[in-house]
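Here is what each chain is made of, one letter per residue.
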Amino acid sequence: MHLILWLLVFVGLYAVMRLPPGRALVWLYVPVLLLVPDAFHAITPGLPDPSANVAVMLPIFVAALAAYGRDWRPGFADLLVIAIALLMAASEFVAAGYSEAQNLMFGTLLQIVAPYLVARLAIDREGLHVALAKRLVFILFVIGLIGLFEFRFGWNPFLYFGERTFFAGQGVGWVTTFRHGFARVAGPYAHCILAGMMIIMAYRLSRWLEWGGHWEPHFRLLPGLPWSKGRIISVGLAIASLTTIARGPWLGGLLGAVFVNAGRHPKRKAAFAVGLAALALIAVPGYLAFQSYLEVQPGVEMTLSQETAMYRKVLFEKYYVIALDHAWLGWGRNTWPRVAGMGSIDNYYLLLSLMHGVLVTALLVILMGWMCVRLFRVGMREPLASNSLAFTLLGIVIAFAVSLVTVYLGEGVTPAFFLMLGWAE
């Protein structure tokens, strides 16, 4: 039954026959990406095993290249994205051979390069900035409402019903985790921190839409509500973020908000200076407080939060040395040496270095830094009265960059992140 995912290739083909590639991205790819868990694949002997978003992206990517490829002049960020994808595939080929590298090569093409390039080539040309933002935000708002069920009852309907119907035996490794007695909402993204990253992304875009007056005044079916549609969606997404109980995305979202709101301040340069100074002043005592937090007195039992923090600290110290042993191309996705009791790498920069080498990690950091600098410059050139999409996307990139210290970049979050980068570029 899982082979039904291959039908999405034909659905995507039909979409690009009826719509320009950017509109096919907004109206077909985005809902599939956000709603269908990437944990489910069409397991196909001798061929790559696509997830839903990969299958539907294939014809959209080809159509975008056919429509806009002649006018494409690769920039520095484009080259970085392609280099990251190629090096990841080469790393896996060297470590494990073609049979293992096949799926990764297919995945890096259609989950890294393709979302980036389609957004890069089509969104601005087709005037889809508002349409894309609305689509992303509203779907994630609905996912947040469904997440209230998971928060209350402790099981994930997105994974449960998929596994019980078309994808038996898939996705069962992902379980709902709990903190402070509450279920941490993961939704279609399998892990609560990944869900937290997606919700933060949607919240920032929601605020941009609200500030710019892009929403209708009220929900069409609920015209009597006291709040505007934009305000209800923004508050709903803020609540959805709380249900993930994911501190990494909260911190990343907070840091991103500093830049977004400084960009809206009448004295923009002074606001950025004050914000950066405040972050610098907080960083040192924050680090010292964290170290003190990890110093547990003899005979005193650690809290669950202290155990988690200590695990990440020790994990980094042990795996850092292993990563440097194969620094250039890494150990491969499934063949890096495991430290007993530390199978989960809760830091994507470390995990990426282990799997595919320090060079790929460096390129990813350079890519995010380059994007931040370019978005900042664009935002600073815009009039003060404008509602800056550049600063909004800057806040999103910062939020993702910080969150990746606490979780891996995977599932549907990978193509969503590179779609954001392509949109920003």
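Residues numbered from 1 in each chain as written. Predicted model: local features only at pLDDT ≥ 70, side-chain atom pairs only at ≥ 80, totals over all residues. Heavy atoms only, no water.

Caption draft 1: Structural view of the environment of Val260. As for its position among the elements, Val260 is in helix H10 (residues 247-264). With relative accessibility at 2%, the residue Val260 sits in the buried group. Sequence spacing of Val260 and Asn387 is 127 residues, and the spatial spacing of their C-alpha atoms is 9.9 Å. Sequence-distant contacts of Val260, defined by excluding residues within four places in its chain, comprise Arg204, Trp211, Phe391, Thr392 and Gly395. (Helix = DSSP H or I, 4+ residues; strand = E, 2+ residues; numbered from the N terminus. Buried < 20%, exposed > 50% of the residue type's maximum accessible area, 1.4 Å probe, protein only. Contact = heavy atoms within 4.5 Å.)

Caption draft 2: Here's a closer look at the packing of helix H15 (residues 389-403) against helix H16 (residues 413-424). Packing of H15 against H16 brings their axes to within 10 Å, and their N-to-C directions diverge by 145°. Of the two possible hands of crossing, H15 and H16 adopt the one that is left-handed. From H15, Leu389, Leu393, Ile396, Val397 and Phe400 reach across to H16, where they touch Val413, Phe417, Met420, Leu421, Trp423 and Ala424. Split by residue class, the contact of H15 with H16 holds eleven nonpolar, no polar and no charged. (Axes fitted to C-alpha atoms, helices over the stretch in contact; angles between N-to-C directions. Left-handed = near helix turned anticlockwise from the far one by under 90°. Nonpolar A, V, L, I, M, F, W, Y, C, P; charged D, E, K, R; others polar.)

Caption draft 3: Representation of empty space enclosed by the protein. One pass over the structure, following the stated rule, counts two cavities of 30 Å³ or more. The space that makes up the largest cavity amounts to roughly 70 Å³. Lining the largest cavity are 14 residues; nearest its centre among them are Ile143, Gly144, Val185, Ala195 and Ile199. A total of four residues in the lining of the largest cavity trace back to one element, the largest contributor, which is helix H6 (residues 129-153). Among the residues making up the lining of the largest cavity, the classes are represented as nine nonpolar, five polar and no charged. Within this model, the second largest cavity holds a volume of roughly 30 Å³. For the lining of the second largest cavity, the secondary structure elements donating two or more residues are H10 and H15. Among the elements that take part in the lining of the second largest cavity, H10 stands out by supplying three residues, more than any other. Class assignment for the residues of the lining of the second largest cavity results in three nonpolar, four polar and one charged. (1 Å grid on protein atoms, 1.4 Å probe; cavity = no way out; pocket = protein on both sides within 12 Å on 5 of 7 lines; lining within 4 Å. Points joined across faces, edges and corners; volume = space filled by probe spheres on them.)

Caption draft 4: Spotlight on the packing of aromatic side chains. According to the stated counting rule, one finds 16 aromatic pairs in the structure shown. Ring centres of Phe149 and Phe153 lie 4.8 Å apart, and the angle between their planes is 40°; on these two criteria the pair is classed as tilted. Here Phe149 and its partner Phe153 are both found in helix H6, four residues apart, which amounts to about one turn of the helix. With centroids separated by 5.5 Å and ring planes inclined at 40°, the aromatic side chains of Phe272 and Phe391 adopt a geometry described as tilted. Of this pair, Phe272 sits in helix H11 (residues 268-294) while Phe391 sits in helix H15, and the two are 119 residues apart along the sequence. (Phe/Tyr/Trp six-rings, centres within 6.5 Å; stacked < 30°, edge-to-face > 60°.)

Caption draft 5: Looking closely at the side chain of Thr244. Tracing the backbone through its elements, the reader meets Thr244 in helix H9 (residues 229-244). Discounting residues that sit within four places of it in the chain, Thr244 has contacts with Arg184, Val185, Cys192, Ala195, Gly196 and Trp250.

Caption draft 6: A look at H6. Here H6 spans 37 Å end to end across 25 residues, near enough to the 36 Å set by a 1.5 Å rise per residue. The sharpest bend along H6 reaches about 25° and sits at Ile146. Of the positions making up H6, those classed as buried are Leu132, Ala133, Leu136, Val137, Ile139, Leu140, Phe141, Ile143, Gly144, Gly147 and Glu150. Looking at the buried side of H6, the elements it contacts are helix H2 (21-35), helix H7 (157-164), strand E2 (182-183), helix H8 (192-211), H9 and H16. (Expected span 1.5 Å × (residues − 1). Bend = angle between axes of the 7 residues up to and from the residue.)

Caption draft 7: Region of the structure containing the environment of Tyr68. Among the secondary structure elements, Tyr68 is positioned in helix H3 (residues 52-68). Linking Tyr68 and Cys372, residues 304 residues apart in sequence, is a C-alpha distance of 26 Å. Not counting the four nearest positions on each side in its chain, Tyr68 is found in contact with Pro21, Leu121, Ala122, Arg125 and Glu126.

Caption draft 8: Molecular detail of the pattern of salt bridges. For the structure shown, the criterion picks out six salt bridges. With a shortest N-O distance of 2.9 Å, Glu210 and Arg207 are connected by a salt bridge. Placement of the pair is Glu210 and Arg207 together in helix H8, with a separation of three residues, close to one helical turn. In this structure, Arg374 engages Glu425 in a salt bridge whose closest nitrogen and oxygen atoms are separated by 3.2 Å. (Salt bridge = Lys/Arg side-chain N within 4 Å of Asp/Glu carboxyl O.)

Caption draft 9: Local environment of the nonpolar core. Counting 126 residues, the largest nonpolar core has Leu140, Phe418 and Trp423 as its most contacted members. Broken down by element, this core gets its largest block of residues, twelve residues, from H8. Not counting residues within four places of it along the chain, the set of residues in contact with Phe418 comprises Val81, Gln111, Ile112, Pro115, Tyr116, Leu364, Leu367 and Leu409. (Core = buried A, V, L, I, M, F, W, Y, C linked by side-chain atoms within 4.5 Å.)

Caption draft 10: Just the environment of Leu315, in detail. Positionally, Leu315 belongs in helix H12 (residues 304-325). It is 33 Å that separates the C-alpha atoms of Leu315 and Ile43, two residues lying 272 residues apart in sequence.

Caption draft 11: Region of the structure containing the confidence of the model for the protein chain. Looking at the protein chain, the pLDDT average stands at 86 and 90% of residues meet or exceed 70. Note that residues 289-300 has pLDDT below 50 and, in this model, twelve contacts with residues that lie over four places away or in other chains. (pLDDT = per-residue confidence, 0-100.)

Caption draft 12: Local environment of a nonpolar patch on the surface. A surface patch of nonpolar side chains, amounting to about 720 Å² of accessible area, comprises Phe93, Val94, Tyr98, Met105, Trp328, Leu329 and Leu359. At the level of elements, helix H4 (76-96) and helix H5 (98-122) are the ones that each hand at least two residues to the nonpolar patch. In this fold, Leu329 is placed in the loop between H12 and helix H13 (348-356). (Patch = residues over 30% accessible without salt bridge, like charges linked within 9 Å, V, L, I, M, F, W, Y side chains within 5 Å. Areas by Shrake-Rupley, 256 points an atom, 1.4 Å probe, with all protein chains shown as cover.)

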